[in-house]
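An overview of the molecular structure
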Amino acid sequence: MEPVMKIAETYRKIRKEVPENVKIVAAVKTRSPEEVMEFIEAGGTDIGENYVQEAEQMYRELGDMAKTVRWHMIGHIQTNKINKSLELFDVLQTVDSVQKAAAVDVRAARCEGRVVPVYLEINIGDESTKAGLLPEFDEVLKAAEGIAVMEHVRLEGLMTMGPVTGDPEDSRLFFRRTREIFDGLRGCSIPGVAMDTLSMGMSDSYRVAIEEGSTMIRLGTVLFGAR
Ligand SMILES: *Cc1c(COP(=O)(O)O)cnc(C)c1O
């Protein structure tokens, strides 16, 4: 395991290295509250969790610090946990269908004036083991238009994982394709949609993802050490 003191240093180094417009989300699964606190103290602003229950526990353990960062749901969204998710998360990155967005919409409507930022997850490698919309522009556009009319959900971006092969160069074309869909949607200027975030790139692939237009990278291993 990496020594705990390295997290702040590593974060600041990566923060300096990546363009200012690129947000860094710390993917904190399996990490201790102390590790996450070190990230926040170093200036970290965004945290990603894969499971509602783990997020709930982390939120509690971070105490006052929890409220100083934005919380991103980056794991699969289970419909029966959306209510709880809405108590914890600021952004739901992994909406994979209009139906899922609609389920968020009706639950968010219970809070007066709440509008939940969501991203559509693109299954860019068309992998049967991964969630997300197929990387076909017409499909994604249809989903975006379906979400656009929802009062309590605002579509603000796309998110993709991409196949993990070991060689980040293998991800380049998948990232490029996601960027093309992103640009296409932006070009459509759908009323009610603010397509401004492209969430792609992880520890092994964030440099390539940024070259291909990512505006948000989700980092675990490179920040905190191996899981
Ligand atoms: C774990 C995780 C990451 C970060 O992965 P690393 O390879 O450790 O950087 C990014 N996105 C999602 C959705 C994850 O689950």
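Presented here is an overview of the structure given in this document.

Considerations on the overall build of the protein
For the protein, the helix and strand inventory stands at nine helices and eight strands. Across its three principal directions, the C-alpha atoms of the protein cover 45 × 40 × 30 Å. Look at the contacts in the protein between residues 6 or more apart in sequence, and 64% of them connect residues 24 or more apart. Of the roughly 10800 Å² that the protein leaves accessible, carbon and sulfur atoms contribute 50%.

Focus: the nonpolar core
When a protein is soluble and globular, its nonpolar side chains tend to lie buried together. Formed by 66 residues in total, the largest nonpolar core has its most connected members in Phe-39, Ile-47, Leu-92, Leu-120, Leu-158 and Leu-185. Considering each element in turn, this core owes the most residues, six residues, to helix 6 (residues 137–148). With five residues, the next largest nonpolar core counts Val-25, Val-91, Met-159 and Met-216 among its residues.

Structural notes on the site of the ligand
Surveying the vicinity of the ligand reveals 13 residues, the closest of which are Lys-29, Asn-50, Ser-203, Gly-220 and Thr-221. Taking Arg-218, its side chain carries an N or O atom lying 2.9 Å from a nitrogen atom of the ligand. When isolated, the ligand has an accessible area of 390 Å², and the protein chains bury 92% of it. Taken together, the residues that form the shell around the ligand break down as six nonpolar, four polar and three charged.

As for the pairing of strand 4 (residues 91–95)
In terms of burial, strand 4 is a largely internal element, five of the five residues being buried. In the sheet, strand 3 (residues 70–73) pairs with strand 4 via two bridges, with the strands oriented parallel. Paired with His-72 across the two strands is Val-91, which belongs to strand 4. With helix 4 (residues 82–88) bridging strand 3 and the parallel strand 4, this β-α-β connection has right-handed handedness. Sheet topology places strand 4 next to strand 5 (residues 116–122); two bridges connect them, and they run parallel. Counted as the bridge partner of Leu-92 is Val-118 from strand 5. Crossover strand 4 to strand 5 through helix 5 (residues 98–108) is right-handed.

Observations regarding the pairing of strand 1 (residues 23–27)
Strand 1 sits mainly inside the fold: four of its five residues count as buried. For strand 1 and strand 8 (residues 216–219), the ladder comprises four bridges, and the chain directions are parallel. If you follow Lys-23 over to strand 8, its bridge partner there is Met-216. One ladder, built from three bridges, connects strand 1 with strand 2 (residues 46–49); its direction is parallel. Opposite Ala-26, over in strand 2, you have Ile-47 as the bridge partner. What joins strand 1 to strand 2 is helix 2 (residues 33–41), and the crossover it makes is right-handed.

Observations regarding the pattern of salt bridges
This structure, assessed with the given rule, holds 14 salt bridges. With its nearest N and O atoms 2.9 Å apart, the salt bridge here joins Glu-156 to Arg-154. Owing to a relative accessible area of 14%, Glu-156 belongs among the buried residues under this scheme. Between Arg-177 and Glu-180 there is a salt bridge, with the nearest N and O atoms lying 3.2 Å from each other. Within this pair, Arg-177 and its partner Glu-180 are both found in helix 7 (residues 172–188), separated by three residues, close to a single helical turn. The exposure class of Arg-177 is partly exposed, given its relative accessible area of 31%. Linked through salt bridges whose partners overlap, the residues forming this network are Glu-169, Arg-172, Arg-176, Glu-211 and Glu-212.

Reading the values: rules and limits
- Residues numbered from 1 in each chain as written.
- Predicted model: local features only at pLDDT ≥ 70, side-chain atom pairs only at ≥ 80, totals over all residues.
- Heavy atoms only, no water.
- Helix = DSSP H or I, 4+ residues; strand = E, 2+ residues; numbered from the N terminus.
- Contact = heavy atoms within 4.5 Å.
- Areas by Shrake-Rupley, 256 points an atom, 1.4 Å probe, with all protein chains shown as cover.
- Core = buried A, V, L, I, M, F, W, Y, C linked by side-chain atoms within 4.5 Å.
- Buried < 20%, exposed > 50% of the residue type's maximum accessible area, 1.4 Å probe, protein only.
- Near = heavy atom within 4 Å.
- Polar contact = N/O pair within 3.5 Å; in protein donor to acceptor, adjacent residues only side chain to side chain.
- Nonpolar A, V, L, I, M, F, W, Y, C, P; charged D, E, K, R; others polar.
- Pairing = 2+ DSSP bridges.
- Right-handed = clockwise from strand over helix to strand, strands pointing away.
- Salt bridge = Lys/Arg side-chain N within 4 Å of Asp/Glu carboxyl O.

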